[in-house]
Amino acid sequence: MDYDSRLSDISKRREPSILRELVEVIHAAPKGTISFATGMPNPSTFPFAEVSVKMKTGEEFTLAGSDLDAALQYQSSTGIEALRGVLQELIDEDHGVQDWDTRCVLVSSGSMDGIARAMDMLVNEGDPVVVQHPLFVGIETMLSPYKPEYIHAEQDRDGIIPSALRQTLENRKRSGKKMPKVLYVNPTGANPTGTTLTTDRKREIYKLAQDFDLIILEDDAYYYLHFFEDNPTSILSMDTDGRVIRFDSFSKVLSAGLRLGIVTGPKILVRQIDLHMQSSIMHTSSMAQVLAHQLFQVWGIGKLKKHFANVRAFYKERRDIMIQAAEKHLIGLAQWSLPTGGMFLWIKVNNVKDTSAMVLSRGLDKKILLVPGRFFHTDTQKGSPYIRASFSVSSPDEIDEGMARLAAIIRSEKTFVEMLR
């Protein structure tokens with residue numbers, strides 16, 4: 001593929017940081033090498049003697065000596081080599097054995113960090129960009145400074161509708177308009193809809209990307225929070241052209257505060273993200289990386305996968321509790337589809353054109369916090385009858401009471417609208 005033509009003007013001008021490149025050399029240098037090369041602080045001056053960690057499953061480990069030094073010191077912008085090795089094993093297990101001669105992984109500060117740098121790499125101001133719609137508000141906020149022309153990939157209960165997107169792109173091509181380079185996809189337990197793309201639709205989307213020469217940004221932050229027997233098939237696993245950049249996250253399954261994500265994609269494109277990191281945050285937290293690597297060493301991939309399964313079971317149970325509460329309180333007032341992953345129930349309120357005032361004003365009066373649907377539109381000023389409700393942190397009793405309060409404000413809203421007529 002001709003990657004150079006896909007790069008943004010800014011990305012084309014990025015150059016390596018000599019000092020950052022030297023860090024790679026220093027970490028790979030043989031024992032006995034004397035380095036006067038970089039401004040690394042001497043770890044003997046740091047006040048930390050050791051860091052002890054105890055897992056909920058009982059295992060314990062301590063960071064001390066060279067492990068602690070690594071956790072407290074500057075590291076490669078792509079991530080600590082030992083951790084990247086484990087992450088490649090995880091990618092191979094989940095998405096099929098990859099050609100690591102042409103692909104690589106980079107450790108990002110959460111998946112959003114990687115996505116933001118990929119957008120910066122591929123999007124110029126005013127470019128058309130294909131995004132699934134409704135769209136996670138964080139992506140809209142990220143793209144807004146680029147003033148993109150949004151091309152909506154509309155969804156139903158199975159995610160993006162490939163036939164509708166193909167028609168949209170064919171019409172655009174016939175009209176002579178500028179064609180997009182990027183397709184953003186949130187395939188598993190999508191935020192806010194809770195939908196998961198079927199394998200057949202993923203194949204159709206990949207074929208569509210081939211036909212219209214698109215780079216796919218596969219944002220799969222909820223991949224380990226699906227509610228199926230088997231892991232979903234990823235678009236990365238279908239990639240024969242080198243046109244998929246995949247973003248994984250440990251925020252939902254290990255810790256949101258660790259800020260650990262994985263970028264997997266063609267080496268040429270991941271290198272551009274690396275160059276951006278060199279000139280900004282330099283690298284993802286060394287402490288977070290070392291903690292994760294030690295955990296993976298203690299647990300192994302088998303126990304890690306068992307933990308992921310337990311997390312899935314927790315959220316599936318919370319989803320079922322929210323569905324039961326919705327059926328108890330919202331029948332006749334609203335509609336919804338069963339989320340197949342993630343943390344959210346996407347609710348359409350009957351006979352209400354915009355839920356914003358109902359949620360942001362009257363909802364607060366009833367002590368219930370929700371997110372109005374309009375925040376998940378590319379035009380956030382456009383009204384929406386939808387609401388996003390999260391089932392992640394509320395207790396079962398709170399979920400039931402929350403749905404009762406939501407029902408009350410919907411009834412109040414309908415009375416309020418009738419009074420205005």
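Owing to the predicted nature of the structure, the values given are computational and were not obtained by experimental measurement. (Residues numbered from 1 in each chain as written. Predicted model: local features only at pLDDT ≥ 70, side-chain atom pairs only at ≥ 80, totals over all residues. Heavy atoms only, no water.)

For the rest of this paragraph, the subject is the pairing of strand E4 (residues 128–133). Counting buried residues along E4, six of its six residues qualify, which places the element largely inside the surrounding structure. Of the two faces of E4, both are covered, the one formed by Pro128, Val130 and Gln132 as well as the one formed by Val129, Val131 and His133. Note: E4 against strand E5 (residues 149–156), six bridges, orientation parallel. The residue of E5 that forms the bridge with proline 128 is glutamate 149. With helix H6 (residues 137–143) bridging E4 and the parallel E5, this β-α-β connection has right-handed handedness. Judged from the two bridges that link them, E4 and strand E7 (residues 182–185) form a sheet pairing that is parallel. (Buried < 20%, exposed > 50% of the residue type's maximum accessible area, 1.4 Å probe, protein only. Helix = DSSP H or I, 4+ residues; strand = E, 2+ residues; numbered from the N terminus. Pairing = 2+ DSSP bridges. Right-handed = clockwise from strand over helix to strand, strands pointing away.)

Quick look at the UniProt feature "domain: Aminotransferase class I/classII large" (unreviewed entry) in the protein chain now. Under the UniProt annotation, the feature "domain: Aminotransferase class I/classII large" (unreviewed entry) is placed at residues 69–406. From the first C-alpha to the last, residues 69–406 spans 51 Å; its make-up is 42% helix and 17% strand. (UniProt positions renumbered as here; feature names shortened; annotations may be inferred.)

The subject of this paragraph is the pairing of strand E3 (residues 103–108). Extensive coverage of E3 is indicated by the burial of six of its six residues. Side-chain alternation along E3 places Arg103, Val105 and Val107 on one buried face and Cys104, Leu106 and Ser108 on a second face that is also buried. Where E3 lies against strand E10 (residues 261–266), six bridges are found, and the strand directions are antiparallel. Across the sheet, the residue bridging to serine 108 is glycine 261, located in E10.

What follows covers the environment of lysine 348. Relative to the assigned elements, lysine 348 resides in strand E12 (residues 344–349). For lysine 348, a relative accessible area of 33% corresponds to the partly exposed category. Once the C-alpha coordinates of lysine 348 and tyrosine 386 are considered, the two residues, 38 residues apart in sequence, prove to be 4.3 Å apart. If near-sequence neighbours (up to four positions away) are discounted, lysine 348 is found in contact with Ala334, Gln335, Pro385 and Tyr386. (Contact = heavy atoms within 4.5 Å.)

All of the buried residues in helix H11 (residues 356–365) are Ser356, Met358, Val359 and Gly363. Once H11 finishes, lysine 367 follows within two positions and takes phi at roughly 60°, a positive value.

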